[in-house]
Amino acid sequence: MSWFQKTISLPPLKRGFHLVTREILEKIPELKNYKVGLCNLFIRHTSASLTINENADPSVRTDFESHFNKMVPERAPYYIHTYEGDDDMPAHLKSSILGASINIPITNGQLSMGTWQGIYLCEHRDFGSSRQITITINGE
Amino acid sequence: MSWFQKTISLPPLKRGFHLVTREILEKIPELKNYKVGLCNLFIRHTSASLTINENADPSVRTDFESHFNKMVPERAPYYIHTYEGDDDMPAHLKSSILGASINIPITNGQLSMGTWQGIYLCEHRDFGSSRQITITINGE
Amino acid sequence: MSWFQKTISLPPLKRGFHLVTREILEKIPELKNYKVGLCNLFIRHTSASLTINENADPSVRTDFESHFNKMVPERAPYYIHTYEGDDDMPAHLKSSILGASINIPITNGQLSMGTWQGIYLCEHRDFGSSRQITITINGE
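Once a new chain begins, its residue numbering starts again from 1 and follows that chain's sequence as written. In the order they appear in the text, chains get letters beginning with A and ligands get numbers beginning with 1. Local features in a predicted model are, by the rule used here, given only for residues with pLDDT of at least 70; side-chain atom pairs are given and counted only at 80 or more, and totals for whole chains, interfaces and linings are based on all residues. Excluding hydrogens and water, the side-chain figures rest on all heavy atoms present in the structure.

Chemist: Looking at this structure, how should I read the interface of chain A and chain C?
Modeler: Many structure descriptions define interface size as the accessible area lost when the parts assemble. Taken residue by residue, the interface counts 30 residues in chain A and 34 residues in chain C. Counting each side, the surface lost to burial between chain A and chain C is near 2,600 Å², with a carbon and sulfur contribution of 61%. Of all residues in chain A, Trp3, Tyr78 and Ser96 of chain A bury the most surface against chain C, accounting for 27% of the area lost on that side. Any Lys or Arg side-chain nitrogen located within 4 Å of an Asp or Glu carboxyl oxygen qualifies as a salt bridge. Inspection of the region where chain A meets chain C yields zero salt bridges. Nitrogen and oxygen atoms within 3.5 Å of one another constitute a polar contact, given that in protein one can donate a hydrogen and the other can accept it, and given that sequence-neighbouring residues count only through two side-chain atoms. Joining chain A to chain C, the criterion identifies 18 residue pairs in polar contact (both at pLDDT 80 or more). Residue assignment for the side of chain A that touches chain C shows that the elements contributing at least two residues are strand 1 (2–10), strand 3 (36–43), helix 3 (88–98), strand 5 (101–107) and strand 8 (131–139) of chain A. Each helix is a run of H or I in the DSSP string that is no shorter than four residues. Each strand is a run of E no shorter than two, and both are numbered from the N terminus. Element by element, the count of residues in the side of chain A that touches chain C is highest for helix 3 of chain A, at six residues. Residue contacts are defined here by distance: any two heavy atoms, one from each residue, within 4.5 Å place the two residues in contact. Accessible-area loss on putting two parts together, using a 1.4 Å probe and summing over both, is the definition of buried area adopted here.

Right under this line is the structure:
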């Protein structure tokens, strides 16, 4: 039974939804020591988020960006928090709709996701910087 | 202090929001062994999701389906991921808005939810198949 | 390695998004005993929710309320669950879009959030009552 925690940085990504499963896994070789457990990924920002979705066709990620831009538009007439740019307030809203953290079961040393599931880093700013993610693993 | 993990299947459900608290609880009699802990439910799919909401009036679940169909419409002109059917891309979007997993505290051998809370399986496809959920319990 | 669990009440708050990081931390001095771990906050209601977002400028919280009222409107013509008031069904929807629980890593006796992150209590009813949150900490 043990805890493992590490904060990693992902390089700046352009605005949109990015599949980062492999980048995350490369940072946590310790995962193989856990027969059963949970892995929490927590993004330390309020204008980017994490979610789990389809890991195959990139067109899904393109449609995510299109739809979120429609559902959470820039320059909505009711925004008052506007001084950080047109993309700022929508970024905050999107990050709470999608969420700052995900929890994934661990089984036999691996993240136990379904066949079609992958981890998305959702970058909601036009010029987002490097993003930090705190990874916390607990298991045995 | 111990871990328990099990992957269960729920039978195919029609498109919509379904209260499945009882079905989940029937699959994990081991819950009664935990005085305090956390239970993670993780759905292994990208076109269905899990959420917690009102456990009494079925009209709430009907309105969930109506509202999500409005907020995440089929055949939006900007979708490019369309070859798996009109319901496919909206299903992916809904699953990330609602989320693939929920975490519920355990107290005295029971899921410690509020009086009016229940677990929803949200089926976003027209003809969804059986859905697998990995249940991970940690506690003492 | 140990578990800690406590259910707290926050006093009634007006409809809107409220920064409650300090109120939460004041209730869990035990946090300082954990070098590494996870903290789960679970709201025991279906018309209020928890999220993490910007902890500085109050205008962000104002815009959250404005946007969620647009994205999940009152008196939508398709609602059938209407007998508990115009604010009721939107409150249920908002609570599932934002979520009933959040998980925050613990590092060196503190909630390990980013510089700009804070905890929001999202009150979706016009006259919400006191809200109960079950806090579960696991770590070492």
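That was the structure; now back to the text.
Chemist: I tried to follow the environment of Asn40 of chain A on my own but got confused; where do I start?
Modeler: Note that Asn40 of chain A resides in strand 3. Accessibility here uses a 1.4 Å probe with only protein chains present; expressed as a share of the type maximum, an area under 20% marks a residue as buried, one over 50% as exposed, and anything in between as partly exposed. The class of Asn40 of chain A is buried, set by a relative accessible area of 0%. For the pair Asn40 of chain A and Ile137 of chain A, spaced 97 residues apart in sequence, the C-alpha separation works out to 6.3 Å. Sequence-distant contacts of Asn40 of chain A, defined by excluding residues within four places in its chain, comprise Ser101, Ile102, Asn103, Thr134, Ile135 and Thr136 of chain A together with Leu38, Asn103 and Pro105 of chain C.

Chemist: I keep staring at the interface of chain A and chain B and nothing clicks. Help me out?
Modeler: In this assembly, 34 residues from chain A lie in contact with 30 residues from chain B. Summed over both partners, the interface of chain A with chain B buries about 2,600 Å², with 61% contributed by carbon and sulfur atoms. Inspection of the region where chain A meets chain B yields zero salt bridges. Elements with a contribution of two residues or more to the side of chain A that touches chain B: strand 3, strand 4 (48–54), helix 2 (58–71), helix 3, strand 5 and strand 8 of chain A. In terms of residue count, helix 2 of chain A provides more of the side of chain A that touches chain B than any other element does, 10 residues in total.

Chemist: I would appreciate a short explanation of helix 2 (residues 58–71) of chain B in the present structure.
Modeler: Each full turn of the α-helix corresponds to 3.6 residues, which orients residues three or four apart in the same direction. By this rule the span expected of a helix is its residue count minus one, scaled by 1.5 Å. Taking 1.5 Å per residue, 14 residues should reach 20 Å; helix 2 of chain B reaches 20 Å between its end C-alpha atoms and fits that length. Along helix 2 of chain B, the residues that are buried comprise Ser59, Val60, Arg61, Asp63, Phe64, Glu65, His67, Phe68 and Met71 of chain B.

Chemist: Can you help me understand unusual backbone geometry in this one?
Modeler: Glycine aside, a negative phi is what most residues show, and trans is what most peptide bonds show. Residue and element names in this part refer to chain A. If you check the backbone angles, Asn108 has positive phi at about 50° while not being a glycine. Looking at where Asn108 falls in the secondary structure, it is placed in the loop between strand 5 and strand 6 (110–111). Classification of Asn108 by relative accessible area gives exposed; the value is 55%.

Chemist: How should I be thinking about the sheet that holds strand 4 (residues 48–54) of chain B in this particular structure?
Modeler: Paired through backbone hydrogen bonds, the strands of a sheet run either parallel or antiparallel to each other. Residue and element names in this part refer to chain B. Only strands that DSSP links by at least two bridges are regarded as paired with each other. Read across the sheet, three strands follow the order 2-7-4 without closing on themselves; strand pairing throughout is antiparallel. Edge positions in the open sheet fall to strand 2 (16–19) and strand 4, since each of these has one partner strand only. Ignoring strand direction, the axes of neighbouring strands in this sheet form an average angle of 35°. Both strand 4 and strand 7 (residues 117–123) contribute to a ladder of seven bridges, which runs antiparallel. To define axes, lines are fitted to C-alpha atoms, for helices over the stretch in contact only, and angles between the resulting N-to-C directions are given on a 0 to 180 degree scale.

Chemist: Just checking my understanding: could you explain the sheet that holds strand 2 (residues 16–19) of chain C for this structure?
Modeler: All names here are of chain C. Taken in spatial order, the three strands of this open sheet run 2-7-4, and their pairing is antiparallel. For this open sheet the edge positions go to strand 2 and strand 4 (48–54), each flanked by a neighbour on one side alone. Ignoring which end each strand starts from, the neighbouring axes of this sheet average 35° apart. Note: strand 2 against strand 7 (residues 117–123), four bridges, orientation antiparallel. Its bridge partner being in strand 7, Phe17 is matched across the sheet by Cys122. Against the sheet, helix 3 (residues 88–98) engages strand 2, strand 4 and strand 7, with an angle of about 45° to strand 4.

Chemist: Is there a simple way to explain the pattern of salt bridges in this structure?
Modeler: Where charged atoms from two side chains of opposite charge approach closely, those side chains can pair. All names here are of chain A. Summed over all chains, the structure comprises 21 salt bridges over all chains. The salt bridge involving Arg15 is made with Glu65; its shortest N-O contact spans 2.9 Å. Highlighted residues: Arg15 in the loop between strand 1 and strand 2 (16–19) and Glu65 in helix 2, separated in sequence by 50 residues. For Arg15, a relative accessible area of 19% puts it in the buried group. Residue class for Glu65 comes out buried when judged on its relative accessible area of 14%. Look at the salt bridges and you will find they share partners, linking Arg15, Glu65, Glu74 and Asp126 into a network.

Chemist: Could you clarify how one ought to interpret the relation of the copies chain A and chain B in this entry?
Modeler: Between the two copies of this chain, the relationship is a rotation about some axis together with a displacement along it. Structural alignment of chain A on chain B gives an RMSD of 0.0 Å, achieved by rotating through 120° and translating 0.0 Å along the axis. On the angle and the small slide along the axis, the relation comes out as a three-fold axis. Every residue of chain A has its C-alpha some distance from the rotation axis, and the shortest such distance is that of Ile97 of chain A, at 3.5 Å. Comparing interface residues between copies, only 15% of those in chain A also sit at the interface in chain B, which points to a heterologous contact through distinct surfaces. Each copy is superposed on the other by least squares, with the fit set by C-alpha atoms of residues at a pLDDT of at least 70 in both.

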